[in-house]
Amino acid sequence: MNVAPRSPILDRRALGRALSRAADAALADILATPRDESRHLARRIGVTGPPGAGKSTLIAALARHRLARAGQVAIVAIDPTSPKTGGSILGDRIRMDGLVDDPRVFIRSLASRSATDGLADNLPEILGVFDDFGFDEIILETVGVGQAEFAVRDLVDVELLVLSPGAGDQIQAMKAGILETADIFVINKADQPDAAKVEAELKATLALTAPGEPPPVLRVRADAGENIAALDAAIEHAAEHQAAHGPDARRRRVRQRVRGLVWRQLTAVLARLPQEALDQPLPALYAAVLAGLAAGPAG
Amino acid sequence: MSDTLETPAVPTTLLKGKRILVAKPGLDGHDVGAKVIALALRDAGAEVIYTGLRKSPGFIARVAVDEDVDAVGLSILSGSHKELVADSIAALAQEGASAIPVFVGGTIPAEDVAMLLDLGVKAVFTADMKLDDVIAEVAAGLRGQPT
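Residues numbered from 1 in each chain as written. Chains lettered and ligands numbered in written order. Predicted model: local features only at pLDDT ≥ 70, side-chain atom pairs only at ≥ 80, totals over all residues. Heavy atoms only, no water.

(A) How the structure looks around the environment of Ala61(B). Residues and elements named next belong to chain B. Secondary-structure assignment places Ala 61 in helix α3 (residues 57-66). On the basis of relative accessibility, which here comes to 1%, the residue Ala 61 falls in the buried class. With residues near it in sequence (within four places) discarded, Ala 61 still touches Ala 91, Leu 92 and Glu 95. (Helix = DSSP H or I, 4+ residues; strand = E, 2+ residues; numbered from the N terminus. Buried < 20%, exposed > 50% of the residue type's maximum accessible area, 1.4 Å probe, protein only. Contact = heavy atoms within 4.5 Å.)

(B) Representation of the nonpolar core within the structure. Counting 60 residues, the largest nonpolar core has Ile75(A), Leu160(A), Ile184(A) and Val72(B) as the members making the most contacts within it. Considering every element that reaches this core, the biggest residue donor is helix α3 (residues 55-67) of chain A, with 7 residues. Here Val72(B) is in contact with Leu21(B), Ile60(B), Ala64(B), Leu92(B), Ile100(B), Pro101(B), Val102(B) and Phe103(B), once residues within four sequence places are set aside. One finds Ala18(A), Phe130(A), Phe135(A) and Leu140(A) within the second-largest nonpolar core, a separate group that totals 27 residues. (Core = buried A, V, L, I, M, F, W, Y, C linked by side-chain atoms within 4.5 Å.)

(C) Here's a closer look at the side chain of Asp28(B). Residue and element names in this part refer to chain B. Mapping Asp 28 onto the fold places it in the loop between β1 (19-23) and α2 (32-43). Under the relative-accessibility criterion, Asp 28 is labelled buried at 9%. In this structure the side chain of Asp 28 is engaged in a polar contact, spanning 3.4 Å, whose partner is the backbone nitrogen of His 30. There is a polar contact of 3.4 Å between the side chain of Asp 28 and the backbone nitrogen of Ser 78. Not counting chain neighbours up to four residues away, the residues in contact with Asp 28 comprise Leu 53, Arg 54, Ile 76, Leu 77 and Ser 78. (Polar contact = N/O pair within 3.5 Å; in protein donor to acceptor, adjacent residues only side chain to side chain.)

(D) Layout of the interface of chain B and chain A. Between chain B and chain A, the residue contacts involve 28 residues of the former and 25 residues of the latter. Surface buried jointly by chain B and chain A totals about 2300 Å² across both partners, of which 47% is contributed by carbon and sulfur atoms. Among the residues of chain B in contact with chain A, Glu47(B), Asp66(B) and Asp68(B) are the three that bury the most area, contributing 26% of the side total. Counting across the chain B and chain A interface gives 7 salt bridges. Across the pair Arg113(A) and Glu47(B) runs a salt bridge, and its minimum N-O distance is 2.8 Å. Remark: the boundary between chain B and chain A carries 16 residue pairs in polar contact (both at pLDDT 80 or more). (Buried area = accessible area lost by both parts, 1.4 Å probe. Salt bridge = Lys/Arg side-chain N within 4 Å of Asp/Glu carboxyl O.)

(E) Region of interest: the sheet that holds strand β5 (residues 137-141) of chain A. Residue and element names in this part refer to chain A. Read from one edge to the other, the open sheet built from 7 strands follows the order β4-β2-β5-β1-β6-β7-β8, with strand pairing classed as parallel. Of all the strands in the sheet, just β4 (105-111) and β8 (217-219) have a single pairing partner and so form its edges. Along the sheet, successive strands turn relative to each other by an average axial angle of 20 degrees, direction set aside. Where α3 meets the sheet, it contacts β1 (43-48), β2 (73-79), β4, β5, β6 (158-163) and β7 (184-187), and its direction lies at approximately 170 degrees from that of β5. (Pairing = 2+ DSSP bridges. Axes fitted to C-alpha atoms, helices over the stretch in contact; angles between N-to-C directions.)

See below:
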């Protein structure tokens, strides 16, 4: 990969507004003017892992290394929406304060809204805006709910799973899902006493789960910047081994995109369902929901 | 102070779909009030971004623009509200974002409120106000704003 020139982001206001339009776009508008899926220009690095593993701090440390390779880096951080009020606190970027002064970095916080797969509504459209603005790389931080989070796999070129010491039980809980899909495993807070133990457990579990060459497992300290250069190199290596622009990757992205759109429509149909509809026998209810989906987007 | 810690009596969705930045400019080190407001905004349906303590006006404007927020709330207890508010509004203008409405909360003497409104602040909130009233006033201030 060529080292891109140091290029400041020229019109942040226009980019910020374009991201809002993409995030708020109604289903009908997305279907009316679909984005060209082959225009996937920025490399996408997904960062997932349980809450408290240190994903945001790791991204802050990693971005500095990625900037040496890429001209402009976007960071997209997703936090959960309260299903009760629709509100959310978007708090990931507070760990990335040191990057705010860098004119080559753009951090955007997203609320998950109706998505329950660790991602956010309209995420493919939102990421596409960064392609339109000529970004070289996007680092995507998922909600961090754990086992459910493998939808991100279909959207990114390289996927990192971040764990921290004390995560032994989490490894057990996750082994059927994300452990099979991540490209690189990161054990953060490597100075804590249980780090070696977690590493051993993880490697043992990976040996059982993943056939073939085991994926890299790296111990880092995001807060002190320790071993982040090795992680940066591992990402570069993994990216080179991904056929990110091939037809398979494109189809995976399309699959995730259509799944997201149908999910959003399903959420809307269920919300509109009158209370008494829920008293019907299950087959009738199921048919009613399918009919609601077939009726098309309500916006 | 006890008034500001109550939870809203009736949960509302007055701010659903709105993105709001709660920011702490200047040097004071207390953010209980800012956090209470952030949670109240969230409970009214807003997507809230909080900057953390001791941020410069330039930093706040950068975050407001990148996050394309619908409003910026400045929490100031240090007494330097005149300078900090003026500098924050100037920083927003410099980033091409003077259209983003600015609200101010904190320890603001009554006699300074008119001065802050003259600087372009949409509304000023003091610690004795009920949270429901703050939310209602923010919602009213955002109504009719270009989105």
